[in-house]
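# Residue-level structural notes
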Amino acid sequence: MDKTILHLDLDTFFVSVERLQDSRLKHRPLLVGGTSDRGVVAACSYETRGFGVHSGMPMKMAKQLCPEAVVIKGNAGTYSKHSDMVTDIIKEQVPLFEKSSIDEFYADLTGMDRFFGCYHYASELRNRIIKETGLPISFGLSCNKVVSKVATNEAKPNNQLKIDLGYEKPFLAPLSIKKIPMVGDKTYQVLRNLGLRQVKTIQEMPMDMMQRVLGANGGVIWKRANGIDNTPVIPFSERKSISTERTFDKDTIDVIKLRGILVAMTENLAFQLRRGDKLTACIAVKIRYSDFNTYSKQLKIPFTSADHILIPKILEMFDTLYNKRLLVRLIGIRFSHLVQGNYQINLFDDTEEALNLYAALDKIRERFGDKSVLRASGLGAKTIGRMQNPFNGQPPIILAHRKQ
C-alpha cells in the first residue's frame, strides 16, 4: 500500500502565541528570544524577514537590521501549553502521529483514503486546529516525510499543499538546494562551490558523485533530492541524555557564582532523572571562555540519580577543568548513558532519613514547580528549572539560551 504522510507546522509559533496574548502585536515586526545583546532570536515574524532577520541569529544583529521590531523574551510554559492544545486535537483525530518538535508534527494517514480522502481529512484537521486554538498552521501531504516537510515550507504562510504520488521529483526539481532537509549553511556552500543551485542538478547526478564529495551524507541528500525517503512516523523516541547550560550576559570569574549555578543545575537534572525513573552512568561538565574556546570533561560513574553523589563529582570535575585566569562565558552539564531504574541504597553511606528527604522534596517540586525548593548555594541561579518532565515522550522546548 502506498504511504500517505502528513506534515503539520505551526507558522512562526512563538510569534503567533504572543499575538494571541496581545492583539496589539499583530502586523508589527516581532522578535522572540534572549533580550540582551548576547541573546539569540528564537523566532521572528514575517515582517522582520525582509530586513534579513532569521531565527538563530544574535539578537543584537537582529535589532540592528530591524530597529523598529518589538523584542519579547518569551515564556516556555505558555508555548508548551498551546503546543499541548494542538497535540490533543491531533491525538484525537489521527491514528499514528509523531511530535518532532514543539511546533511540528508528522502523521501517517496511510489507508485512510478509502474512507475519507486524506487531503480532505487533513484539511478538516487543519481548520479545526485554527478554529480551536487561533494559531495559523500549514501542512504538506505526500508519500513520505521529506517531501511533505518541503511541501509545508512551500505552502507557508498558513496554507496547505498536496504532492500527488509520482510527482515528487518534478515538485522538488526547480527548488533551491537549500530547501532539502539536512542541507545546512556549510553543506550549501560546498554544493554551491560545485556549481549546484537547483535540486534538479542533484537529481541528474549519479549518487556516487555526491558520496565522493560529502561522504555518507551525500547519499542521503541525493535520495532526498529525488524524493526518496523511507523514514517511518515514530510516535515515541527514548531519550538518551539530559543536559542544561547557561550563557552569561557578562563574562565572569566569580567562582562562588559558578559553583552555585552548577549545584542548582545538577540538583534540577537529578530531580528530572528521579521524576522519569532514570539513572545516569556518565556525567560531563562544559566550560566556554570569553575567547569562545570550549572545554569539557566526562566521567563514568556507577548508575545513580542522587544529588549527594552527583553534586560533589560535578564540582570536582569543574575544579579540574576551570582555568581561573580566564573569564567564563558559558557553563553546562550533561547526564548520559541513561537507563530505566530507581536509585539503589548504599548500605554504608545512605540513611533512611536522607532518602525520605529526597522523596519529600521531589513531591514538593512536582506540586509547586521545579524551583520551589533549592539548596542555599544554588539560590543565585534564578533561571534553573523546567516546565515539564523531559521523559514524557514529548520533544524538548527549543528556546534561545535563557540568560543568567
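Computed from a predicted model, the values in this text were never measured in an experiment.

Quick notes on the rules
- Per chain, residue numbering runs from 1 following the sequence as it is written.
- Residue-level local features of this predicted model are given only where pLDDT is at least 70; pairs of side-chain atoms are given and counted only at 80 or more, and the full residue set underlies all totals for whole chains, interfaces and linings.
- Side-chain numbers come from the whole structure's heavy atoms, not from hydrogens or water.
- In these notes, a set of buried Ala, Val, Leu, Ile, Met, Phe, Trp, Tyr and Cys residues joined through side-chain atoms within 4.5 Å is what counts as a nonpolar core.
- Relative accessibility thresholds used throughout: buried, under 20% of the residue-type maximum; exposed, over 50%; partly exposed, between the two (1.4 Å probe, protein chains only).
- A run of H or I in DSSP becomes a helix once it reaches four residues, and a run of E becomes a strand once it reaches two; helices and strands are each numbered from the N terminus.
- Any two residues whose heavy atoms approach within 4.5 Å are treated as being in contact.
- Any carboxyl oxygen of Asp or Glu that lies within 4 Å of a side-chain nitrogen of Lys or Arg is treated as forming a salt bridge with it.
- Strands qualify as paired when DSSP identifies two bridges or more between them.
- To get an axis, fit a line to the C-alpha atoms, keeping to the stretch in contact for a helix; angles then go from 0 to 180 degrees between the N-to-C directions.

All right, on to the nonpolar core then. Counting residues in hydrophobic clusters, the biggest one holds 32 residues, and the most contacted among them are Leu6, Leu8, Phe13, Ile90 and Leu109. Ranked by residue count, the leading element in this core is helix H5 (residues 118–133), at five residues. Apart from residues lying up to four places away in sequence, Leu8 is in contact with Ile90, Asp103, Glu104, Phe105, Leu125, Ile137, Ser138 and Phe139. Within the second largest apolar cluster, 28 residues are counted, among which are Ile242, Val285, Ile287 and Leu310.

Here we take up the pattern of salt bridges. Here the structure, examined in full by the defined rule, presents 16 salt bridges. Residue Lys179 is joined to Glu154 by a salt bridge in which the shortest nitrogen-to-oxygen separation is 2.7 Å. Note that Lys179 is positioned in the loop between helix H7 (168–172) and helix H8 (185–193) and Glu154 in helix H6 (residues 145–155), a separation of 25 residues in sequence. By relative accessible area, which is 37% here, Lys179 ends up partly exposed. Take Glu154: its relative accessible area is 30%, and that puts it in the partly exposed class. A salt bridge links Lys162 to Asp164; the nearest nitrogen and oxygen atoms lie 3.5 Å apart. The exposure class of Lys162 is partly exposed, given its relative accessible area of 40%. Each member of the salt-bridge network shares a partner with another, and the members are Glu92, Arg128 and Glu132.

So, on to the sheet that holds strand E6 (residues 104–108). The mixed open sheet is built from five strands, whose spatial order is E5-E6-E1-E7-E8. Of all strands in the sheet, those with a lone pairing partner are strand E5 (97–101) and strand E8 (160–162), marking the two edges. Each neighbouring strand pair of the sheet contributes to a mean axis angle of 15°, computed without reference to strand direction. In this sheet, E8 lies alongside strand E7 (residues 137–142) in parallel orientation, the contact comprising three bridges. Considered in E8, the bridge of Gly140 is made with Leu161. Contacts between H5 and the sheet are confined to strand E1 (5–10), E7 and E8, with E7 contributing the most and set at about 165° to the helix. Across the face of the sheet, H6 comes into contact with E1, E5, E6, E7 and E8 while running at roughly 140° to E7.

Among the structural elements, His82 can be located in helix H4 (residues 76–93). Residue contacts for His82: discarding those within four places in its chain leaves Phe13, Val17, Leu20, Gln21 and Leu135.

Below, the discussion takes up the sheet that holds strand E2 (residues 30–33). Spatially, the three strands line up as an open sheet ordered E3-E2-E4, and their pairing is mixed. In this open sheet, the two strands that pair with only one neighbour each are strand E3 (41–44) and strand E4 (70–72). Neighbouring strand axes in the sheet, compared pairwise and without regard to direction, differ in orientation by 25° on average. As paired strands, E2 and E4 are joined by three bridges and run parallel to one another. Looking at the pairing, Val32 lines up with Ile72 of E4. Along the sheet, helix H1 (residues 13–21) contacts E2, E3 and E4; its crossing angle with E2, the most-contacted strand, is approximately 110°.

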